[in-house]
Amino acid sequence: MKLLLVVACALIDADGRILIAQRPEGKQLSGLWEFPGGKVDPGERPEQTLIRELREELGLTVAEPCLAPLTFASHAYDDFHLLMPLYVCRRWDGTPKPLEAQKLAWVMPNKLRDYPMPPADEPLIPHLIGLL
Ligand code: 9L3
Ligand code: MG
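What comes next is a walk through the structure. This is a predicted model, so every value here is computed, not measured.

### Quick look at the sheet that holds strand E1 (residues 2-11)
- Reading across from one edge, E4-E1-E6-E5 is the order of the 4 strands in this open sheet, with mixed pairing throughout. Two strands lie at the open edges of the sheet, namely strand E4 (37-39) and strand E5 (68-76), each paired on one side alone. Along the sheet, successive strands turn relative to each other by an average axial angle of 20 degrees, direction set aside.

### Overview of the pattern of salt bridges
- Under the criterion given, the structure shown has 8 salt bridges.
- A salt bridge links Glu-34 to Arg-23; the nearest nitrogen and oxygen atoms lie 2.8 Å apart. Here the residue Glu-34 occupies a position in strand E3 (residues 33-34), and Arg-23 occupies one in the loop between strand E2 (18-22) and E3, the gap between them amounting to 11 residues.
- Using a relative accessible area of 15% as the deciding quantity, one classes Arg-23 as buried.

### Concerning the packing of aromatic side chains
- By the definition in use, this model includes 3 aromatic pairs.
- Summarising the aromatic geometry, the rings of Trp-92 and Trp-106 are spaced 6.0 Å apart at their centres and angled 15 degrees between planes, so their arrangement reads as stacked. Here Trp-92 is found in the loop between strand E6 (80-89) and strand E7 (103-107), whereas its partner Trp-106 is found in strand E7, with 14 residues between them in sequence.

Rules behind the numbers
- For every chain, the first residue of the written sequence is number 1, and numbering continues from 1 along that sequence.
- Written order decides the labels, with chains lettered from A and ligands numbered from 1.
- Per-residue local features are limited, in this predicted model, to residues with pLDDT of at least 70; the limit for side-chain atom pairs, both in listing and counting, is 80 or more; totals at the level of whole chains, interfaces and linings are taken over all residues.
- As a rule here, side-chain values come from all non-hydrogen atoms in the structure, and water together with hydrogens is ignored.
- Each pair of strands is called paired provided DSSP finds at least two bridges between the two strands.
- Note on conventions: DSSP H or I runs of at least 4 residues are helices, E runs of at least 2 residues are strands, and numbering of each starts at the N terminus.
- Throughout, an axis means a line fitted to C-alpha atoms (over the contacting stretch in the case of helices), and angles, computed between N-to-C directions, take values from 0 to 180 degrees.
- Whenever a carboxyl oxygen of Asp or Glu lies within 4 Å of a side-chain nitrogen of Lys or Arg, that contact is scored as a salt bridge.
- Exposure categories follow from relative accessible area, calculated using a 1.4 Å probe and restricted to protein chains: below 20% of the type maximum is buried, above 50% is exposed, and the middle band is partly exposed.
- Under the pairing criterion, centres of Phe, Tyr and Trp rings, with the six-membered ring standing for Trp, must be within 6.5 Å; the plane angle then separates stacked pairs below 30 degrees from edge-to-face pairs above 60, leaving the rest tilted.

Encoded structure:
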């Protein structure tokens, strides 16, 4: 089966809140809340993908050393298998802006369960609670 490599990031602010984004209408999994990120393009390292996606989706500038790998998520859909490393980032330049018409929310880790997530993202919640 096809393997889709996607990379995601938990941006954590000074209060310990994590940024999640609601997938916009018209996209796959619309309405569900996810950790920002996207598909790794051919020839990209996952860190480069995240830097690109955080700029495209949120207008943030992130330096590569600020991206710390935390864990991996995966989910088998009918037609492809998603593999998704999760990074943590506590330092960036700029204020997140919903540049792709997505809703944004800063949420304490123990409240993430209140936001419906794609199947790959949900199992990441305990890892983020464990960081505190
Ligand atoms: N996806 C799941 N959780 C995430 C991200 C960033 C992405 N935190 C899934 C949704 C799509 C696929 O990965 O099935 C590709 O994402 P996109 O390029 O449609 O954002
Ligand atoms: Mg994306």
